[in-house]
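# Observations on chain architecture
What follows is the residue order along each chain.
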Amino acid sequence: MKWLQPYLERLNRARQQGRMPHALLISGQDGVGKRILAEQLAHGLLCERPTADGQACGQCTACVWLRAGTHPDLLWLEPEEPGKAIKVDQVRALTGELCMTSHAGRHKVAIVQPADAMNKNAANGLLKTLEEPTDNTLLALLSALPGRLPATIRSRCQQLQIAPPDDLTARQWLQGQGLDSTKATRYLQLANGAPLKAQQLAETDSAAARAHRLQQLLAVFKGSQDPIETAREWADAGERQSLDWWQAWLQDVIRWQQGGKPPHEAEVAQNLQQVMQTVDGRQLFDMLDQIFNALNSLGSGLNRQLMMEELMIFWAKLADPASCRTGLAGR
Ligand SMILES: [Zn+2]
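Remember, predicted model here, so these are calculated numbers, not experimental data. (Residues numbered from 1 in each chain as written. Predicted model: local features only at pLDDT ≥ 70, side-chain atom pairs only at ≥ 80, totals over all residues. Heavy atoms only, no water.)

### Quick notes on the packing of aromatic side chains
The geometry of two aromatic rings is summed up by the distance between their centres and the angle between their planes. Counted according to the given criterion, the structure contains 5 aromatic pairs. Measuring from centroid to centroid gives 5.6 Å for W3 and W173, while their planes differ by 85°, and the two rings are edge-to-face. Taken together, the residues span a long stretch of sequence, with W3 in the segment before α1 (5-16) and W173 in helix α7 (residues 167-176) at a distance of 170 residues. Both residues of the pair, W3 and W173, belong to the buried class. With a centroid separation of 5.6 Å and 75° between ring planes, the pair formed by W234 and W246 is classed as edge-to-face. Within this pair, whereas W234 is found in helix α11 (residues 227-236), its partner W246 is found in helix α12 (residues 239-257), the two being separated by 12 residues in sequence. Accessibility assignment for this pair places W234 and W246 in one class, buried. Taken together, the ring pairs in this structure connect F221, W234, W246 and W315 into an aromatic cluster. (Phe/Tyr/Trp six-rings, centres within 6.5 Å; stacked < 30°, edge-to-face > 60°. Helix = DSSP H or I, 4+ residues; strand = E, 2+ residues; numbered from the N terminus. Buried < 20%, exposed > 50% of the residue type's maximum accessible area, 1.4 Å probe, protein only.)

### A closer look at the layout of surface pockets
Picture a little ball the size of a water molecule; that probe, rolled over the atoms, points out where space is still empty. Here the largest pocket defines a volume of roughly 1800 Å³. Along the wall of the largest pocket there are 43 residues; nearest its centre are D30, G31, A144, K197 and Q200. Mapped onto the lining of the largest pocket, the elements with two or more residues apiece are α2 (34-46), β4 (137-143), α9 (195-204), α10 (207-222) and α12. The class makeup of the residues in the lining of the largest pocket is 17 nonpolar, 14 polar and 12 charged. One number sums up the size of the second largest pocket: a volume of about 390 Å³. Lining of the second largest pocket is provided by 18 residues; of these, R210, A248, D252, H264 and E265 occupy positions nearest its centre. Sorting the residues of the lining of the second largest pocket by element identifies α8 (181-190) and α12 as the ones contributing at least two each. Ranked by residues supplied to the lining of the second largest pocket, first place goes to α12 with 5 residues. (1 Å grid on protein atoms, 1.4 Å probe; cavity = no way out; pocket = protein on both sides within 12 Å on 5 of 7 lines; lining within 4 Å. Points joined across faces, edges and corners; volume = space filled by probe spheres on them. Nonpolar A, V, L, I, M, F, W, Y, C, P; charged D, E, K, R; others polar.)

### Brief notes about the side chain of T278
Position of T278 among the secondary structure elements: in helix α13 (residues 266-278). Within the structure, the side chain of T278 is placed 2.5 Å from the backbone oxygen of Q274, a separation counted as a polar contact. (Polar contact = N/O pair within 3.5 Å; in protein donor to acceptor, adjacent residues only side chain to side chain.)

### Things to note about the side chain of K108
Mapping K108 onto the fold places it in strand β3 (residues 108-112). If near-sequence neighbours (up to four positions away) are discounted, K108 is found in contact with L46, P72, D73, E97, L98, M100, T101, S102, H103, N136, T137 and L138. (Contact = heavy atoms within 4.5 Å.)

### Considerations on α8
Taken as a whole, α8 has its buried residues at A184, Y187, L188 and L190. Down the axis of α8, the buried set is contained in an arc of 155°. They therefore lie on one face. Exposed side chains of α8 directed beyond 90 degrees from the buried face belong to T182 and Q189. Contacts from the buried residues of α8 go to α7, α9 and α12. Its side-chain oxygen at 3.2 Å from the backbone nitrogen of T182, D180 defines the N-terminal cap of α8. Directly after α8, the chain includes N192, whose backbone phi takes a positive value near 55°. (Arc of directions from axis to C-beta.)

### What to know about the sheet that holds strand β1 (residues 23-27)
Each strand in a sheet pairs with another by means of backbone hydrogen bonds, the pair being arranged parallel or else antiparallel. The strand order β2-β3-β4-β1-β5 describes an open sheet built from 5 strands, whose pairing is parallel. Both edges of this open sheet fall to β2 (74-77) and β5 (158-161), since each of them pairs with a single strand only. On average, each strand axis in the sheet is tilted by 20° relative to the strand beside it, whichever way the strands run. In this structure, β2 lies alongside β3, joined through 4 bridges in parallel fashion. (Pairing = 2+ DSSP bridges. Axes fitted to C-alpha atoms, helices over the stretch in contact; angles between N-to-C directions.)

### Points about the pairing of β3
Counting buried positions along β3 yields 5 of 5 residues, so the element is predominantly enclosed. Because side chains alternate across β3, one face comprises the buried residues K108, A110 and V112, and the other comprises V109 and I111, equally buried. By the bridge criterion, 5 bridges tie β3 to β4 in an arrangement that is parallel. Residue V112 lies in a different strand from β4, and its bridge partner there is L141. Between β3 and its parallel partner β4, the chain crosses via helix α5 (residues 120-131), and the hand of that crossover is right-handed. (Right-handed = clockwise from strand over helix to strand, strands pointing away.)

### Comments concerning the nonpolar core
In terms of nonpolar packing, the biggest core is built from 37 residues, with I26, L37, L41, V109 and I162 touching the most fellow members. Elements supplying a minimum of two residues to this core: α1, β1, α2, β3, β4, α7, α8 and α9. Residues within four places of V109 in sequence aside, it is in contact with A42, L45, L46, D73, L74, L75 and L138. (Core = buried A, V, L, I, M, F, W, Y, C linked by side-chain atoms within 4.5 Å.)

### Considerations on the packing of helix α14 (residues 281-297) against helix α15 (residues 304-318)
Where α14 contacts α15, the axes come no closer than 11 Å and their chain directions differ by 170°. The angle between α14 and α15 places the two elements in the roughly antiparallel class. Counting all contacts with α14, which are made through Q283, D286, M287, Q290, I291, A294 and S297, the residues of α15 involved are M307, L311, F314, W315 and L318. Of the residues that constitute the contact of α14 with α15, the class distribution is 8 nonpolar, 3 polar and 1 charged. (Parallel < 35°, antiparallel > 145°, perpendicular 65-115°, else oblique.)

As C-alpha cells, this is what we get:
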C-alpha cells in the first residue's frame, strides 16, 4: 500500500537515528490502513534480518512466527468482543508482559486497537507504562477517534495521523484488488476515500443480503412486516449499505414510471412493480430526498435508529391509500 510508505519511511528514519518513540498514536479514519501500518512497523522491528529500509525480510524465524500470528513479542490489546470496552484487567496483563524481557532478545511491540475502546480505568492503567517505558518496547495505539482518548494518554504519545490517499492512488489500489473501475469509484465514495473500507464494503455487498433487503422493503410496503422492527434491524446491521441500495432501487422505479425500461434485474423489477404502479411520482421523489438526506447525515451524531424508523414509516405510508392517490389498482 504505497500511501502508507511515507509514514513507514519516516518511522524508519527515526529508528535509525535512535529517535524511535516508545509510544505512537496512529490515528485516521476507518479503513485508511492504521492496522496494517502498525503491523508492518512491528514486523520490521521484530524481524531478525530487516532490510535497510526497515522492512521485515519475510524469511527468518521471527517472520515465520509473525505470519502465523504466534510471535510472542507482538502483543495485541483488543476488546474481548467487537464493540465492547477494553478493560483494566486486560491492560494489566499487557503491561505485565511488556515488563518481561523479549523472548527473542529484540523488541517488544504492543498494538492497542482501537485505543479509544479503553474505558477510564484501562486508560489510567496504561498511563504508567507510557510514563515509564521499558527499553526496546513500542506501544502503538490505533484510533479513528483519538479525541475520545484522555489528554494524558495523547500527550504521552508521538502522534501520527494517516490521511487517505489521493483518489487515483486509491482507485488503482482497489482495481489491483479486483474491483472494476465503476465499483472502485462507487465504493470509494461510500467509504469517504478510505481504500480498505471501500474494499470491505464491496466484499459485504453480497447478492443475498441485497435480495433480503429488497424483500423486506416490499413486505413493509405491503404491510406484512413491521416498519419499526425493520428499521431497527437495518440500523443494527449498519444502515449505509442498505440505504445506498434503497436509493438505487427508488431511482430505478422512478425511471421506470417515467417510461424508462424496467430494472434489468428481474427480481428487482418483480419486487418493485407494485410500487411503480401504485405510488405517485412526487411521493417517490420525496422518499428519495429523505434517503439522500439520511445518507448525507450519517456519522453526524444523529440518532440513526430514529432516522431509520422515520424512513420506514414514510415508506410504509406510501402504500396507504389515504395518503396516496385513490382508486389505484391492486388495493
Ligand atoms: Zn525476517
